[in-house]
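# Geometric and topological summary
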Protein chains: 2
Amino acid sequence: MERILEILNEMENKGIKRINYRNIERVFGALQKTKDFWTLIDYSDIPVPYMSKLINILENKGYVKVVDRKYIELTNDGERLIKDLNIPPHKDYKCSACQGRGIQFYRDIELYRKFVEIAKDRPPAIQDFDQGIVTPETTISRVLFLDSRGDLEGKEIMVMGAEDDLTGLAIALTGKAKRVVIIDIDERLIDFDNKIIKELGLKNAEARVHDLRKPYTDEFLGKFDIFVTDPPETLAAFKAFIGRGIATIKDVGGAGYFGFTLRDSSIYRWHEIQKHLIEYGAVITDIIKNFNDYMNWDYHDDTKASDVAPVDTKPKDIWYRSSWYRIELLPGFKRENDPIEDSVFYLDEEGSTT
Amino acid sequence: MERILEILNEMENKGIKRINYRNIERVFGALQKTKDFWTLIDYSDIPVPYMSKLINILENKGYVKVVDRKYIELTNDGERLIKDLNIPPHKDYKCSACQGRGIQFYRDIELYRKFVEIAKDRPPAIQDFDQGIVTPETTISRVLFLDSRGDLEGKEIMVMGAEDDLTGLAIALTGKAKRVVIIDIDERLIDFDNKIIKELGLKNAEARVHDLRKPYTDEFLGKFDIFVTDPPETLAAFKAFIGRGIATIKDVGGAGYFGFTLRDSSIYRWHEIQKHLIEYGAVITDIIKNFNDYMNWDYHDDTKASDVAPVDTKPKDIWYRSSWYRIELLPGFKRENDPIEDSVFYLDEEGSTT
């Protein structure tokens, strides 16, 4: 107990307050299962910069050893601490059939196959816009999730700032929506979408370039039933993506979807964004942990994550995941559409993968 | 569109404002898949009293016909409305392996089997205390869920007002917790638990009678890592169960679990309770829809639900489900422990199954 409090004190001395006893415990749980830095983050759910400093402190205190800047090993002292405090190993009971999402992507195998074929030629993720591509299984599960909630068929859907995942295109592929508008800052993605939309003759779908820091015009405000997005985890981006997403919704009962992670944000940040959601007049209907699996991105070496990591190894497997939120709008919901000038749009002290 | 607004107007005339366009749409989606009143509620996620009034209005307007007080049928007008408004049928993509929970109860088949054997002799659910028993698959999934989050092994756990489900006993059966205290108002359940605890020699587990309307003493306040509960959906009960549950938590990072339904509460009520959670200093980490499946209870005929229903048929299958919430406590979290005098503890205008 005291040893953990000492670790927390050292973290606080390094300016990190948004971490608690249970977080440290989880790290020691994860260390019993993996030596890989990235998997450690996956299992422990704390932001990369925090984990990097934490490993540094744990090494100084003699609980772990970073070997050849390759992997992280518990020392005898570390193992003794785990035994003394009775800290259980990390456990994973995730359903093997649906990967823990509660919905099987292969329920619509035709859609999945078509999507994979099309997505193989998509533009690669680039760092400029905080892109990270989710697995095709994730994208299709998102679409089926919308469908199972009555949020797809016959609906007008705004998919904004999430097109690195081709979620908008996947929705368009179903042919079920009344209208799909796909918004992204990245011209490459928009061009790709419009090319496919044209080639396949997909009805009622269009893709447009727009920087979400800039307000929407009346063309989009209050015109949609559903929005889908995937913001960076800064508060500025939350307002630009979620606030503006809410602003596109027509009426009470409209719904929004977005991913939010604990890799680039602490649980304390989550509390702030949930407070904002409640104040916006939104109610949270679902939060599904690790629904969104992100494939490793080519620009990993150039990220702050790679820079601050105590190892030189690249992630070998999926380690970046986010929870899937669904919200519904209630009477009096607020349409926030201000310009966002904030300089920490993509990156702040808890973020590192952009 | 106008026809739906007319329906909403009529609902408002009958004093029901907490319902919106999308709710009505969902009901018409469900009506394409079932004629059973209880399944209709399951698919539509609106409180029983609201659904009863709604069916009444839909029948008056000629969209449905209640046949022999047995089942509910779409009329030609109802089918035309669905076609005109392009309302999709209710869809269920729930994972068949984990029943949509994201976790397979049979990952610990020994525990499941042992629990089923023990639970066969448990006291039946009674109306006095708003009891409704979840399936054994639900109970075991809850335990595995706690375990997968590091909330079981070596933890001090308070299970309060949820023992009709024998969740506390199931936790005790694992032998993994440091301590389990089971609290319930129902002496029958507490006696049953203590008998099993004694017979099996379960360590560190005890069951005690307590009425959650009354405050806890220092014996329990700030003494636990985790609480688990299953409140009635009134605000008074929310405070008594969740507020008091939070008050038992030792420190930041502690976690709480509870079920909350849309059968006895509108989504508007959810917004209120989420606001309270945020104000208490809790962050919501998970909301998993339909995690908790409730078996039909013997006292159904004596409920307000049975009373207000437009049919005389009893539920034939599981129709009552609730979402599974997990929360974590952050710095400055509030320990609410006031006595609850509220007369609408078990039942209010949205509730009906107690």
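This is a predicted model, so every value here is computed, not measured.

Glancing now at the overall build of chain A. Each helix and strand in chain A was counted, giving twelve helices and nine strands. Its C-alpha radius of gyration of 21 Å places chain A within 12% of the 20 Å reference for a compact globule of 354 residues. Seen through its principal axes, chain A has C-alpha atoms that stretch 65 × 40 × 35 Å. Buried positions account for 65% of the 354 residues belonging to chain A. Across chain A, contacts joining residues at least 24 apart in sequence account for 76% of those joining residues at least 6 apart. Of the accessible surface of chain A, which amounts to about 13,100 Å², a share of 46% is contributed by carbon and sulfur atoms. Where the 51 positive side-chain charges of chain A centre and where its 62 negative ones centre are 3 Å apart.

All names here are of chain A. Counting buried residues along helix H3 (residues 37-44), seven of its eight residues qualify, which places the element largely inside the surrounding structure. All of the buried residues in H3 are Phe37, Trp38, Thr39, Leu40, Ile41, Asp42 and Ser44. Contact partners of the buried residues in H3: helix H2 (21-31), helix H4 (48-60), strand S2 (71-74), helix H12 (304-308) and strand S9 (320-329).

We now examine the relation of the copies chain B and chain A. Least-squares fitting of chain B to chain A yields an RMSD of 0.0 Å, with the superposition described by an axial translation of 0.0 Å and a rotation of 180°. What the superposition gives is, in effect, a two-fold axis relating one chain to the other. Most of the interface of chain B is mirrored in chain A, where 100% of its interface residues are also at the interface.

Residue and element names in this part refer to chain A. Most of helix H8 (residues 167-174) is tucked away: seven of the eight residues are buried. Buried residues of H8: Thr167, Gly168, Leu169, Ala170, Ile171, Ala172 and Leu173, and no others. Of the residues trailing H8, Gly175 is marked for its positive phi of about 70°.

Looking now at the pairing of strand S7 (residues 255-261) of chain B. All names here are of chain B. For S7, the tally of buried residues reaches seven of seven residues, placing the bulk of the element in the interior. Pairing between strand S6 (residues 226-229) and S7: four bridges, direction parallel. Following the sheet pairing, Phe227 is matched in S7 by Gly256. Regarding topology, helix H10 (residues 235-247) serves as the crossover connection from S6 to the parallel S7, and that connection is right-handed.

All right, on to the packing of aromatic side chains then. Counted by the stated rule, this structure contains 38 aromatic pairs over all chains. Centre to centre, the rings of Phe260 of chain A and Tyr325 of chain A are 6.5 Å apart; their planes meet at 70°, and the pair counts as edge-to-face. With Phe260 of chain A in strand S7 (residues 255-261) and Tyr325 of chain A in strand S9, the pair connects residues that are 65 residues apart, well separated along the chain. Given the relative accessible area of 0%, Phe260 of chain A is considered buried. Between Tyr257 of chain B and Trp324 of chain B the ring centres are 5.5 Å apart and the planes differ by 25°, which places this aromatic pair in the stacked class. Here Trp324 of chain B lies in strand S9 (residues 320-329) and Tyr257 of chain B lies in strand S7, a separation of 67 residues in the sequence. Tyr257 of chain B gets classed as buried once you look at its relative accessible area, which sits at 0%. An aromatic cluster of at least three residues, connected via ring pairs, comprises Phe37, Trp38, Tyr294, Trp319 and Tyr320 of chain A. In this structure, Arg101 of chain A is placed above the aromatic ring of Phe291 of chain A, and the distance from its NZ or CZ to the ring centre is 5.6 Å.

All names here are of chain A. Each assigned domain of chain A is listed here: domain 1 (2-85) and domain 2 (105-329). Put simply, the middle of domain 1 and the middle of domain 2, counted by C-alpha atoms, are 32 Å apart. With both chains or domains summed, domain 1 and domain 2 bury close to 2,000 Å², and 53% of this area falls on carbon and sulfur atoms. Of all residues in domain 1, Arg18, Trp38 and Arg69 bury the most surface against domain 2, accounting for 39% of the area lost on that side. Asp312 is the salt-bridge partner of Arg69, the closest N and O atoms lying 3.0 Å from each other. If you look at where domain 1 meets domain 2, you find 13 residue pairs in polar contact (both at pLDDT 80 or more).

What describes two packed helices is the angle between their axes and the distance between those same axes. All names here are of chain A. Following both chains from N to C, one finds helix H6 (residues 109-119) and H8 inclined at 130°, their axes separated by 11 Å at the closest point. Regarding the angle of H6 to H8, the classification is oblique. Of the two possible hands of crossing, H6 and H8 adopt the one that is right-handed. The segment H6 lies against H8, with Leu111, Lys114, Phe115 and Ile118 engaging Leu169, Ala170, Leu173 and Thr174. The residue makeup of the contact of H6 with H8, split by class, is six nonpolar, one polar and one charged.

Next up on the list: the side chain of Ser265 of chain B. Structurally, the position occupied by Ser265 of chain B is in the loop between S7 and helix H11 (267-280). In this structure, Ser265 of chain B is in contact with Pro47, Glu233, Phe260, Trp270 and Glu350 of chain B, ignoring residues within four places of it in sequence.

Residue and element names in this part refer to chain A. For strand S4 (residues 179-184), the tally of buried residues reaches five of six residues, placing the bulk of the element in the interior. Pairing of strand S3 (residues 156-160) with S4 involves five bridges; the strand directions are parallel. Across the sheet, residue Val159 finds its bridge partner in S4, namely Ile182. Of the crossover connections in this fold, the one passing from S3 over H8 to the parallel S4 is right-handed.

We now examine the interface of chain B and chain A. Tallying the contact residues gives 55 residues for chain B and 56 residues for chain A. At the junction of chain B with chain A, the criterion picks out ten salt bridges. One salt bridge in this structure joins Lys91 of chain B and Asp147 of chain A, with 2.9 Å as the shortest N-O distance. Applying the counting rule to chain B against chain A returns 31 residue pairs in polar contact (both at pLDDT 80 or more). Broken down by secondary-structure element, the contributors of at least two residues to the side of chain B that touches chain A are helix H2 (21-31), helix H7 (136-148), H11, strand S8 (282-294) and S9 of chain B. By residue number, the principal contributor to the side of chain B that touches chain A is S8 of chain B, which donates eight residues. Among the residues forming the side of chain B that touches chain A, the class breakdown is 22 nonpolar, 15 polar and 18 charged.

What counts and how
Residues numbered from 1 in each chain as written. Chains lettered and ligands numbered in written order. Predicted model: local features only at pLDDT ≥ 70, side-chain atom pairs only at ≥ 80, totals over all residues. Heavy atoms only, no water. Helix = DSSP H or I, 4+ residues; strand = E, 2+ residues; numbered from the N terminus. Rg over C-alpha atoms; globule rule 2.2 N^0.38 Å. Buried < 20%, exposed > 50% of the residue type's maximum accessible area, 1.4 Å probe, protein only. Contact = heavy atoms within 4.5 Å. Areas by Shrake-Rupley, 256 points an atom, 1.4 Å probe, with all protein chains shown as cover. Lys, Arg positive; Asp, Glu negative; His and termini not counted. Charge placed at Lys NZ, Arg CZ, Asp CG, Glu CD. Least-squares fit on C-alpha atoms with pLDDT ≥ 70 in both. Pairing = 2+ DSSP bridges. Right-handed = clockwise from strand over helix to strand, strands pointing away. Phe/Tyr/Trp six-rings, centres within 6.5 Å; stacked < 30°, edge-to-face > 60°. Lys NZ or Arg CZ within 6 Å of the ring centre and 35° of its normal. Domains from an automatic or database assignment. Buried area = accessible area lost by both parts, 1.4 Å probe. Salt bridge = Lys/Arg side-chain N within 4 Å of Asp/Glu carboxyl O. Polar contact = N/O pair within 3.5 Å; in protein donor to acceptor, adjacent residues only side chain to side chain. Axes fitted to C-alpha atoms, helices over the stretch in contact; angles between N-to-C directions. Parallel < 35°, antiparallel > 145°, perpendicular 65-115°, else oblique. Left-handed = near helix turned anticlockwise from the far one by under 90°. Nonpolar A, V, L, I, M, F, W, Y, C, P; charged D, E, K, R; others polar.

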